[in-house]
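# Architecture at a glance
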Amino acid sequence: MSLWNGGRSLEVLTLGLAGEIFAIEASHVREILDLVPITEVPNSAAFVSGLINVRGKVVPLADLRLKFGMEQKPPTIDTRIVVIEVLVDGDPLIVGIRADKVYEITQVAAGALEETPRIGMRWRSDYITCIGKRDADFIVVLDIGRIFSQGESRDEAIFAGSSTAPRSLS
């Protein structure tokens with residue numbers, strides 16, 4: 001049973017990617033960092049192509065814009081890294097997600113959460129947990145576990161292997 005079907009509100013962190021607003025369940029968020037130096041990893045998955053140092057630990061950095069087919073732009077003064085903990089195929093994983101902007105942690109009422117429509121979405125519906133309505137806007141709540149699942153990472157690695165040009169993330 002999904003959270004929104006349980007009649008409970010959902011606490012989320014809202015963030016911006018390429019002008020769109022997405023949300024991550026707040027329970028996944030460990031901390032939010034200013035942009036830090038990024039070490040590129042050759043031949044890694046396209047959307048997880050760098051590593052960062054978070055309090056002495058090596059943490060992979062993901063750029064969800066690439067996962068969603070959005071244009072990658074240089075960082076701005078608003079760029080942040082959201083460090084999350086997520087279960088991937090049953091194992092806990094610490095990952096940094098690059099966001100163009102982090103907005104707020106907010107509560108979305110249970111009655112404002114709906115199942116993801118199967119059609120009319122710009123992004124893969126299986127990457128989305130649910131859609132929240134807030135005033136006249138929608139909040140797309142991401143299924144972080146699905147986005148980073150082993151099968152998806154494998155697909156990205158295959159995709160990354162077809163490219164020979166190194167990329168710069170910073």
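Up top is the structure these notes are about.
Reference entry: report on the structure contained in this document. Every value quoted in this text rests on a predicted model; they were computed, and no experiment measured them.

### Let's talk about the overall build of the protein
- Across its full length, the protein holds 3 helices and 12 strands.
- Considering the protein as a whole, with its 170 residues, one finds that 42% of them fall into the buried category.
- Of the roughly 9400 Å² of accessible surface on the protein, 51% is carried by carbon and sulfur atoms.

### Quick word on the pattern of salt bridges
- Tallying each qualifying case throughout the model produces 6 salt bridges.
- Salt-bridge contacts for E31 lead to R55; the nearest nitrogen and oxygen are separated by 2.7 Å. Separated by 24 residues along the polypeptide, E31 in strand β3 (residues 29-34) and R55 in the loop between β5 (50-54) and β6 (57-62) bring together distant segments of the chain.
- Accessibility expressed as a relative area gives 18% for E31, which makes it buried.
- For R55, a relative accessible area of 70% puts it in the exposed group.
- Notably, a salt bridge pairs D100 with R65, separated by 2.9 Å at the nearest N-O pair. In this pair, D100 is assigned in the loop between β8 (91-99) and β9 (101-108) and R65 in helix α1 (residues 64-67), connecting sequence segments 35 residues apart.
- Within this structure, D63, R65 and D100 form a network of salt bridges that share partners.

### Some details on unusual backbone geometry
- Unusually for a residue other than glycine, A18 sits at a positive phi of about 50°.
- Topologically, A18 is positioned in the loop between β1 (10-17) and β2 (20-25).
- Residue class for A18 comes out partly exposed when judged on its relative accessible area of 36%.

### Considerations on the side chain of R65
- Overall, R65 belongs to the buried group, its relative accessible area being 0%.
- With sequence-adjacent residues up to four places away left out, R65 is seen in contact with L17, A18, M70, E71, Q72, K73, R98 and D100.

### A word on the sheet that holds β9
- The 6 strands are arranged β9-β1-β2-β12-β11-β10 in an open sheet whose pairing can be described as mixed. With partners counted over all chains shown, the strands left at the sheet margins are β9 and β10 (113-114), one partner each.

### Observations regarding the sheet that holds β8
- A sheet is described by the order of its strands in space; here 6 strands give the open sequence β3-β7-β8-β6-β5-β4, paired in mixed fashion. Only two strands of the sheet have a single partner each, and these edge strands are β3 and β4 (39-40).
- Pairing geometry for β6 and β8, over 2 bridges, is parallel. The residue bridging L61 from the neighbouring strand is G96, located in β8.

### Section: the nonpolar core
- Counting residues in hydrophobic clusters, the biggest one holds 28 residues, and the most contacted among them are F22, L64, F68, I84, I144, I147 and F148.
- Residue assignment for this core shows that the elements contributing at least two residues are β1, β2, β7 (80-88), β8, β11 (128-134), β12 (137-142) and α2 (144-147).
- Top element by residues in this core is β7. It accounts for 4 residues.
- Formed by 9 residues, the second largest nonpolar core is a distinct cluster that contains V12, V108, A112 and V141.

### Digging into the packing of aromatic side chains
- Considering all chains together, one arrives at 3 aromatic pairs under this definition.
- Geometrically, the ring pair formed by F47 and F148 is tilted, given 5.5 Å between the ring centres and 35° between the ring planes. Taken as a pair, F47 in the loop between β4 and β5 and F148 in the loop between α2 and α3 (150-161) lie far apart in primary sequence, 101 residues in all.
- You can call F148 buried: its relative accessible area is 5%.

Rules used in this analysis
Residues numbered from 1 in each chain as written. Predicted model: local features only at pLDDT ≥ 70, side-chain atom pairs only at ≥ 80, totals over all residues. Heavy atoms only, no water. Helix = DSSP H or I, 4+ residues; strand = E, 2+ residues; numbered from the N terminus. Buried < 20%, exposed > 50% of the residue type's maximum accessible area, 1.4 Å probe, protein only. Areas by Shrake-Rupley, 256 points an atom, 1.4 Å probe, with all protein chains shown as cover. Salt bridge = Lys/Arg side-chain N within 4 Å of Asp/Glu carboxyl O. Contact = heavy atoms within 4.5 Å. Pairing = 2+ DSSP bridges. Core = buried A, V, L, I, M, F, W, Y, C linked by side-chain atoms within 4.5 Å. Phe/Tyr/Trp six-rings, centres within 6.5 Å; stacked < 30°, edge-to-face > 60°.

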